[in-house]
Structures are given as structure tokens and as C-alpha cells.
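# Structural characterization, general
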Amino acid sequence: AWSEASGNLVRFAETNDRNNCDIEIAWSNDRSKAVSPSEAGHTVVAETENNTITHAKIILFTIPAPGQPRPIQPSTMYAAALHELGHAIAFDGHS
């Protein structure tokens, strides 16, 4: 769907080679990596001077934010993954 909607500018292909990927996804139980205490994930983006994204690392937390139910619900993890993927492909901000 992304490829079609973007005129083939956005394409995804899965790889197990972390040295040859544009978007890296990791799981973490270390909430100290969270920028905000309430976030379920975080994305770090590397860009060129002209704002071209060269690499993104998505961290999805396996321990819920304070006050959130345990265990993390699949729907919550799915929403967090999609949200962070949006940051990785240059959707900035939050809704």
C-alpha cells in the first residue's frame, strides 16, 4: 500500500542484515532510553544536511510506560510500531 500510494517512492523489503538496512527496529526493556516517560517507542533519525534521511533506528519498549497496563496489549504495540515507522519515513510531529 505504501509503495502504491507514494508512486513507488517508499518501498519496504525485509532484511536480517543490520549493516544493509535503512530502518533498524530493536526491542528494549530499558525505559531510560525513552525521551518521554509516556512513550511506547522512540525513533532516532540520521539525516544529511539537506534533510535526506539516511538511516532510522526504531526502539520499541517491552515494558509499559508508568501507569499503563501490564502486559503491553498487542494493539498498543501495533499502534506504537506504526507511529514510530511514520517518524522513520519522515512524518514529523504527533497526532
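Right above here is the structure, for reference.
Residues numbered from 1 in each chain as written. Predicted model: local features only at pLDDT ≥ 70, side-chain atom pairs only at ≥ 80, totals over all residues. Heavy atoms only, no water.

### Digging into a nonpolar patch on the surface
Using the following cut-off: Grouping into patches uses exposed residues only, defined as over 30% relative accessible area, and leaves out salt-bridged ones; the cut-off is 9 Å for like charges and 5 Å for nonpolar side chains (Val, Leu, Ile, Met, Phe, Trp, Tyr). Only the protein chains shown count as cover for residues, and the accessible areas themselves come from Shrake-Rupley with a 1.4 Å probe. In the sections that follow, a salt bridge refers to a side-chain nitrogen of Lys or Arg positioned within 4 Å of a carboxyl oxygen of Asp or Glu. Only DSSP runs of H or I with at least four residues qualify as helices, and only runs of E with at least two residues qualify as strands; both kinds are numbered from the N terminus onward.
Side chains of Trp 2, Phe 12 and Phe 91 sit close together on the surface and give an oily, nonpolar patch of about 330 Å² of accessible area. Within the secondary structure layout, Phe 91 lies in the segment after helix H2 (74–88).

### Describing the sheet that holds strand S2 (residues 41–47)
The condition is simple: Here, a strand pair is defined by DSSP locating no fewer than two bridges between the strands. Axes here mean lines fitted to C-alpha atoms, for a helix over just the part in contact, with angles spanning 0 to 180 degrees between N-to-C directions. A contact between two residues is defined here by any heavy atoms of the two lying within 4.5 Å.
Spatial strand order, S1-S3-S2: three strands in an open sheet with mixed pairing. At either end of the open sheet lies a strand with only one pairing partner, and these are strand S1 (23–28) and S2. Neighbour-to-neighbour, the strand axes of this sheet turn through a mean angle of 15 degrees, independent of strand direction. Of the pairings in the sheet, the one linking S2 to strand S3 (residues 53–61) comprises seven bridges and is antiparallel in character. Within S3, the position partnered with Val 45 by the bridge is Ala 56. Packing of H2 onto the sheet brings it into contact with S1, S2 and S3, and relative to S3 it is tilted by some 160 degrees.

### Some details on H2
What counts here: In a helix, the anticipated span is given by 1.5 Å times the number of residues less one. The buried label goes to any residue with under 20% of its type's maximum accessible area, the exposed label to any with over 50%, and the partly exposed label to all in between, with areas taken from a 1.4 Å probe on protein chains only.
The end-to-end C-alpha distance of H2 is 21 Å, a good match for the 21 Å that 15 residues give at a rise of 1.5 Å each. Those residues of H2 that fall on the buried side of the exposure criterion are Met 77, Ala 80, Glu 84, Leu 85, Gly 86, His 87 and Ala 88. In this structure, the buried residues of H2 make contact with S1, S2 and S3. Count one or two residues on from H2 and you reach Ala 90, which has phi positive near 85 degrees.

### Describing the side chain of Arg 31
Rules: Under the counting rule used here, the positive set is Lys and Arg, the negative set is Asp and Glu, and His together with the chain ends is not counted. Pairs of N or O atoms within 3.5 Å make up the polar contacts considered here, provided that, within protein, one atom can donate a hydrogen while the other can accept it, and that residues adjacent in sequence are counted only when both atoms are side-chain atoms.
Secondary-structure assignment places Arg 31 in the loop between S1 and S2. One buried charged residue, Arg 31, remains without a salt bridge, the closest side chain of opposite sign being Glu 39 at 6.2 Å. At 2.9 Å, the side chain of Arg 31 and the backbone oxygen of Pro 37 are in polar contact. Among residues more than four places away in sequence, those in contact with Arg 31 are Ser 36, Pro 37, Ser 38, Glu 39, Phe 61, Ile 63, Pro 64, Ala 65 and Pro 66.

### What about the pairing of S1?
Alternating positions in S1 separate cleanly, Glu 24, Ala 26 and Ser 28 being buried on one face and Ile 23, Ile 25 and Trp 27 remaining unburied on the opposite face. Pairing between S1 and S3: six bridges, direction parallel. Its bridge partner lying in S3, Trp 27 is registered against Leu 60.

Interpretation note: all reported values are geometric properties and have no functional meaning in isolation.
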